[in-house]
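Listed below, chain by chain, are the residues.
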Amino acid sequence: EEKSQNILTFTAIKADETSAEMAVPSDITVKKGIYQTAEGEEFSVSVRGLKGTGAVTYTSSDKSIATVEATTGAIKVVGIGDFTITADVAESEFYNAKTVSARFHALLPSQAELVCTITYDGKEAEIADGTYILPHEVSTAALTVTGGSGEGAVSYEITSGDEEASLAEDGTITGLKTGEYEITVIKAGTSSYEEKIQKIKLRVKAQAQAPLTLSTD
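Described below are features of the structure shown in this document.

Scoring rules and cut-offs
Residues numbered from 1 in each chain as written. Predicted model: local features only at pLDDT ≥ 70, side-chain atom pairs only at ≥ 80, totals over all residues. Heavy atoms only, no water. Helix = DSSP H or I, 4+ residues; strand = E, 2+ residues; numbered from the N terminus. Rg over C-alpha atoms; globule rule 2.2 N^0.38 Å. Buried < 20%, exposed > 50% of the residue type's maximum accessible area, 1.4 Å probe, protein only. Contact = heavy atoms within 4.5 Å. Areas by Shrake-Rupley, 256 points an atom, 1.4 Å probe, with all protein chains shown as cover. Lys, Arg positive; Asp, Glu negative; His and termini not counted. Charge placed at Lys NZ, Arg CZ, Asp CG, Glu CD. Pairing = 2+ DSSP bridges. Axes fitted to C-alpha atoms, helices over the stretch in contact; angles between N-to-C directions.

Notes on the overall build of the protein
And then number 1: A tally of helices and strands in the protein yields zero helices and 20 strands.
And then number 2: A compact globule built from 217 residues would reach a C-alpha radius of gyration of about 17 Å, whereas the protein, at 32 Å, exceeds it by more than 25%.
And then number 3: In terms of principal-axis extent, the alpha carbons of the protein reach across some 140 × 55 × 25 Å.
And then number 4: A total of 217 residues make up the protein; the buried ones form 32% of that total.
And then number 5: Taking the contacts inside the protein whose residues are at least 6 apart along the sequence as the reference set, 61% of them involve residues at least 24 apart.
And then number 6: Accessible area of the protein: about 14200 Å², with a carbon and sulfur share of 47%.
And then number 7: Both charge centroids of the protein, one from 18 positive and one from 33 negative side chains, sit 5 Å from each other.

See below:
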């Protein structure tokens, strides 16, 4: 009498790489899911959370804005605009293929800090807690601005303080009185750099009172 045999067949199903995601340097700002960078920047991305051993290949959606090394994820931002970096993870022995990506927006580079100097009567104003300080008797001063980046024109205006104060195109400040002022300095953007806006604070000190005279009468 022949005995029947039961044959069981198993099919191995590969798992998905559910935890894989693009890793972008933590110092890059993200706004509404889009990473903010600038022309001329260089950085690297990677894929974290992989469980399999599939090879990772990186591509850029627009090589005129950013290039990426296919095997290392090293990125060079060469233009301005939007681009996407995609990482394709190959299928491995136990895991399916996976694709992850990150979106970026490249701006023009930021300018260097502006260097502002305020002088009066041939002397530089002292600075205390970021505020330029002038003696009470000073009604006229001069603002000089250097620094920044590129060849953009520099402009400035008094944006708060006594309305009688004025700031000429050559940086001469007139009509100063005791009180607080804010000056907004702008260096225009160019095809190579963003506009730079910097605010400075100015205070004209109040006149000190005459010494008190004490009487014992």
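A closer look at the sheet that holds strand β8 (residues 74-77)
And then number 1: Taken in spatial order, the three strands make up an open sheet running β4-β8-β7, and their pairing is antiparallel. Either end of the sheet is taken by a strand with one partner, and the two such strands are β4 (42-44) and β7 (66-68). Here the average twist between neighbouring strands, direction ignored, is 20°.
And then number 2: As paired elements, β7 and β8 share three bridges and run antiparallel to each other. For A66, the partnering residue across the bridge sits in β8 and is V77.

Considerations on the sheet that holds strand β17 (residues 166-167)
And then number 1: Strand order across the open sheet formed by five strands is β12-β11-β15-β18-β17, with antiparallel pairing between neighbours. Taken across any chain shown, the strands that pair with only one partner, and hence form the sheet edges, are β12 (123-124) and β17.
And then number 2: By the bridge criterion, two bridges tie strand β15 (residues 141-147) to strand β18 (residues 172-174) in an arrangement that is antiparallel. Bridge pairing links A141 to I173 in β18.

A word on the side chain of S92
And then number 1: As for its placement among the helices and strands, S92 is situated in the loop between β9 (81-89) and β10 (98-107).
And then number 2: The contacts of S92, once residues within four sequence positions are left out, are K14, G52, T53 and G54.

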